[in-house]
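Coordinate inspection notes
Read off the chains here:
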Amino acid sequence: MLFALSLMYIFGVDANLMSLGAIDFGIIIDGAVIIIEFIAYKITAERTHLLALPKAERQNFIDNNTHLGASKMMHSAVFGQLIIIIVFIPILSLVGVEGKMFRPMALVFCFALIGAMILCFTYVPVMASLFIKPSDTSKKNISTRFITFLENKYIPTITWALHKKKLVLSMAIVLLLAVGFLFTRMGGEFVPTLDEGDFVIQPVLKTGTSLSQTVIATTRIESILKRFPEVEQVVSRIGAAEVPTDPMSMEESDVIIKLRPKEEWTSAKTKDELADKFKEALTEIPGVEFEFTQPIEMRFNELITGVRADLAIKIFGENLDVLYKKAVEVEKEIKGVQGAADIIVEKVAGLPQMSIQYDRQKIAKYGLNVEELNNIITMGFAGKTAGTVFEGEKQFDLVVRFDTAHHQDIQDIETASIQLPNGNQVPLSEFATISYTKGPAKISRDNTKRRIVVGVNVRNRDLESVVKDVKQIIDQKIKLPTGYTIEYGGQFENLRTAKERLMIAVPIALLLIFVLLYFAFDSIKEALIIYSAIPMSAVGGVIFLYMRDLPFSISAGVGFIALFGIAVLNGIVLIEEFKELKAHGITDINQRILLGTKNRLRPVLLTASAAALGFLPMAISSSAGAEVQRPLATVVVGGLISATALTLIVLPVLYAILIEKGK
């Protein structure tokens, strides 16, 4: 921990939920566990000889055994830990939001693992020689009884597996295929949504709604929400602040709801259920749509993707009317999609405005021009500089315009007095047709192309499944004119880009693992046998995700990456023991496997359980921020259970088949 914290300070890695959480990973001590276990095993095996020695020579004997044991297991420990570091390369390759979240975790974990490797060379053997004493195998304590119990259950199982090799391999392949199919049905999301404990409701009023009407509508929303016992406080914000970091029009507002602790809730059990109750209660306000989100999540989505919703359906084209028409069609078609909530079309049209259409022939007949009329309208309603006023050293523009009573309505424009060249005056309505019309409220662009957004929030379902259904409906039912296209953004875009990057980085890391295994054992067959632990470990991770109703996310993907390193480490420990026994003259392959698995059962179980216990608090945590770590920890805990079971049964069977074929 101290080594990792020191490197965090040197490399400027911030201490946060993810980076500090990495220090708790039980994987870090796996190398030390392997070395200590083997030293303890060797010293206990030499107990009779050790006790027969004079006291002055005993420590020297222990030191020699410690040196030999540590030297022998250093190969497995170092290669295993190097492989674990390599599997974190894909995480270090992540960029964008996912990179900001998971890179600190990967860096701190690598720092801690490097520190653990250095200590395995130095501190661990020294402490082992000082404190490990030979235990009496005749005495039965809880530890020895538990290991004996496991051995009694395991030996008949591995014996049966060695006699039914084809059946065991067939069952393993069927299990892998079944889990692969299950994985395709899980859906996905970018990262799990953090429960911030509060809500933000964004009422969508009609374009051009005045400030006074917005205040009335917002006040009514507040009074409805205050009826719920779960609501502690409601605060609303309308329009933009003096420093317009978040520009909003007068019809846009944020209603921030502070909720009471969940223990005091009576109307609903979950936030999604409470949001549905809020939405149902707010339907008594006609003509208003509501978008539900959370304060930080709203800003996060808006800053990263330019939209506040989880999914942004972006329609690109030239004509604003066509864009709006198609957006309304999309909204109508996808309303029935399960999990699609708060479907809001971006307000790009419908802004009330006064339109002046000039009669150019009349203007020319009276000896006027359009510029003169435009200047008069600008002066009367917007104001025009007529001079400068000085107050000491200060100077101000003198602006002339109609008084308040004469620039309120369309009649004020119609009756605006226009002076002719001959001195007569006529109203502006003589030269123009003046009427109320609706024009564009705003024109939004992405990469210089006009676009409109249909925002969709996802509730009670994973994001990827919702996007899949939405895409299918749009492809089947929405016909776009030539030159118009649809793209999908928001959190889904982050998920897609992160997946694409992992699809490149993960295979590279897996290839590096294989290369390292080949150099470690100088055998393609043995490298492939250990490599088989990777798909075996994924089985439990997928099953546990499915059992806990968690979709695949980048957080779960990081969990799979960490899991692969631990699974390979256990395979290395087992194959190293088989090679050691072969070097000692045990040629019968079944005898070698039975003896080797029995000898290595304890370290394999210790490394797996140490890593699993390190992740267990994250897997069961329900505190703030646990949503991001839960899928990661669930994958590792579940994967370690399957990896340990399959490594101890399937891997020896594979070893027996491939080595026999080699003969």
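In case you missed it, the structure is sitting above this.
Scope of this entry: the structure provided in the associated data block. What you are looking at is a predicted structure, and each value in this text was computed from that prediction instead of being measured.

A few words now on the packing of aromatic side chains. For the structure on display, the rule yields 10 aromatic pairs. Measuring from ring centre to ring centre gives 5.8 Å for Phe 199 and Phe 278, while their planes differ by 70°; the resulting arrangement is edge-to-face. Placement of the pair is Phe 199 in strand E1 (residues 198-204) and Phe 278 in helix H12 (residues 271-282), with a sequence separation of 79 residues. Looking at Phe 278, the relative accessible area reads 0%, which means it is buried. Here a set of aromatic residues connected by ring pairs shows up, and it is made of Phe 199, Phe 228, Phe 278 and Phe 292. Its guanidinium or amino end placed over the ring of Phe 316, Lys 449 lies 5.1 Å from that ring's centre, counting from NZ or CZ.

On a regular strand, one side chain projects to one face of the sheet and the next to the other, so that they alternate. Where strand E8 (residues 384-391) and strand E9 (residues 394-400) come together, 7 bridges link them in antiparallel fashion. Bridge pairing in E9 links Lys 384 to Val 400. Hairpin connection, E8 to E9: the antiparallel pair is bridged by 2 residues, and Gly 392 has positive phi, about 65°.

What follows concerns a nonpolar patch on the surface. Taken together, the side chains of Leu 511, Val 515, Tyr 518, Phe 519, Ile 524 and Leu 528 define a hydrophobic patch exposed on the protein surface, amounting to about 580 Å² of accessible area. In terms of residue count, helix H19 (residues 491-521) provides more of the nonpolar patch than any other element does, 4 residues in total.

Turning to the sheet that holds strand E2 (residues 231-238), a few remarks are in order. One key point about sheets: their strands pair by backbone hydrogen bonds, in either a parallel or an antiparallel sense. The 4 strands lie next to each other as E2-E3-E1-E4, forming an open sheet whose pairing is antiparallel. Pairing within the sheet leaves two strands with one partner each, and these edge strands are E2 and strand E4 (289-293). Across the sheet, the axes of successive neighbouring strands diverge by a mean angle of 20°, strand direction being ignored. In this structure, E2 lies alongside strand E3 (residues 253-259), joined through 7 bridges in antiparallel fashion.

On to the environment of Glu 627. Tracing the sequence through the fold places Glu 627 in helix H24 (residues 626-662). On a C-alpha basis, the gap between Glu 627 and Thr 193 in space is 6.7 Å, while along the polypeptide they are 434 residues apart. When near neighbours in sequence (up to four residues on either side) are disregarded, Glu 627 contacts Pro 192, Thr 193, Leu 194 and Asp 195.

Each α-helix winds once per 3.6 residues, and so residues spaced three or four apart point in a common direction. The terminal C-alpha atoms of helix H18 (residues 463-477), which comprises 15 residues, lie 21 Å apart, in line with the 21 Å expected from a rise of 1.5 Å per residue. Each element contacted by the buried residues of H18 is listed here: strand E5 (311-316), helix H14 (320-334), strand E6 (340-345), strand E14 (449-458), strand E15 (485-490) and H19. The N-terminus of H18 is capped by Asp 462, whose side-chain oxygen sits 3.4 Å from the backbone nitrogen of Glu 464.

Quick look at the environment of Ala 656 now. Structurally, Ala 656 is set in helix H24. It is 63 Å that separates the C-alpha atoms of Ala 656 and Glu 329, two residues lying 327 residues apart in sequence. Excluding residues that lie within four positions of it along the chain, Ala 656 makes contacts with Leu 162, Lys 165, Ile 589 and Ile 593.

Let us now look at the nonpolar core. Nonpolar side chains in soluble globular proteins tend to be buried together. Counting 120 residues, the largest nonpolar core has Ile 35, Phe 88, Ile 91, Leu 517, Ile 554 and Phe 560 as the members making the most contacts within it. By residue number, the principal contributor to this core is H24, which donates 17 residues. In this view, Phe 560 contacts Ala 538, Gly 541, Val 542, Leu 545, Phe 552 and Val 635; residues no more than four positions away in its chain are not counted. With 27 residues, the next largest nonpolar core counts Ile 334, Val 456, Val 470 and Tyr 484 among its residues.

Below, the discussion takes up helix H20 (residues 524-531). Along H20, the residues that are buried comprise Glu 526, Ala 527, Ile 529 and Ile 530. Down the axis of H20, the smallest arc covering the buried residues is 160°, so these residues share one side. Where H20 begins, the side chain of Ser 523 points an oxygen toward the backbone nitrogen of Lys 525, at a separation of 3.4 Å.

Tallied over the full model, the rule gives 14 salt bridges. For Asp 469, the salt bridge goes to Arg 461, with nearest N and O atoms at 2.8 Å. Judged by relative accessible area, Asp 469 falls into the partly exposed class, the value being 23%. Judged by relative accessible area, Arg 461 falls into the partly exposed class, the value being 26%.

Once that is clear, we can look at the state of the cysteines. Inspection of every chain in the model, using the stated rule, returns 0 disulfides. This cysteine, Cys 110, is not joined by any disulfide, and Cys 120 carries the nearest cysteine sulfur, 15 Å off. Using a relative accessible area of 2% as the deciding quantity, one classes Cys 120 as buried.

Glancing now at the side chain of Thr 634. Structurally, Thr 634 can be placed in helix H24. Classification of Thr 634 as buried rests on a relative accessible area of 2%. Within the local environment of Thr 634, its side chain forms a polar contact with the side chain of Arg 548, the two groups lying 2.9 Å apart. Once you skip the residues sitting within four places of it in the chain, Thr 634 turns out to touch Phe 544, Leu 545, Arg 548, Leu 550 and Ala 619.

The rules behind these values
Starting afresh in each chain, residues are numbered from 1 along the sequence in its written order. Owing to the predicted nature of the model, reporting of local features is limited to residues with pLDDT of at least 70; listing and counting of side-chain atom pairs is limited to 80 or more, with chain, interface and lining totals taken over all residues. Here the side-chain values reflect all heavy atoms present in the structure, with hydrogen atoms and water set aside. Two rings from Phe, Tyr or Trp (for Trp, the six-membered ring) form a pair when their centres are within 6.5 Å of each other. A pair whose planes differ by under 30 degrees is stacked, one over 60 is edge-to-face, and the rest are tilted. Put simply, DSSP H or I for four residues or longer makes a helix, DSSP E for two residues or longer makes a strand, and each gets a number counted from the N terminus. Exposure is judged per residue with a 1.4 Å probe applied to protein chains only, and the accessible area is read against the type maximum: over 50% gives exposed, under 20% gives buried, and values in between give partly exposed. A ring is scored as having a charge over it whenever the NZ atom of a lysine or the CZ atom of an arginine sits within 6 Å of its centre and within 35 degrees of its normal. Here, any two strands with at least 2 DSSP bridges between them count as paired. Think of a patch as exposed residues, more than 30% relative accessible area, with no salt bridge, where like charges cluster within 9 Å and nonpolar side chains (Val, Leu, Ile, Met, Phe, Trp, Tyr) cluster within 5 Å. Exposure was quantified through the Shrake-Rupley algorithm and a 1.4 Å probe, taking into account, for residues, occlusion by the shown protein chains and nothing else. The salt bridge definition used is simple: a Lys or Arg side-chain nitrogen within 4 Å of an Asp or Glu carboxyl oxygen. In this analysis, axes come from line fits to C-alpha atoms, helices being fitted only over the stretch in contact, and the angle between any two N-to-C directions falls in the range 0 to 180 degrees. Contacts are assigned to residue pairs with any non-hydrogen atoms lying within 4.5 Å of each other. To estimate the expected span of a helix, subtract one from its residue number and multiply by 1.5 Å. Two N or O atoms count as a polar contact when they lie within 3.5 Å, although within protein this holds only if one can serve as hydrogen donor and the other as acceptor, and sequence-adjacent residues are included solely when both atoms are side-chain atoms. For our purposes a nonpolar core is just a set of buried Ala, Val, Leu, Ile, Met, Phe, Trp, Tyr and Cys residues, chained together by side-chain atoms within 4.5 Å. Each C-beta atom gives one direction from the helix axis, and the arc is the one those directions make. Two cysteine sulfurs form a disulfide in these notes if their separation is within 2.5 Å.

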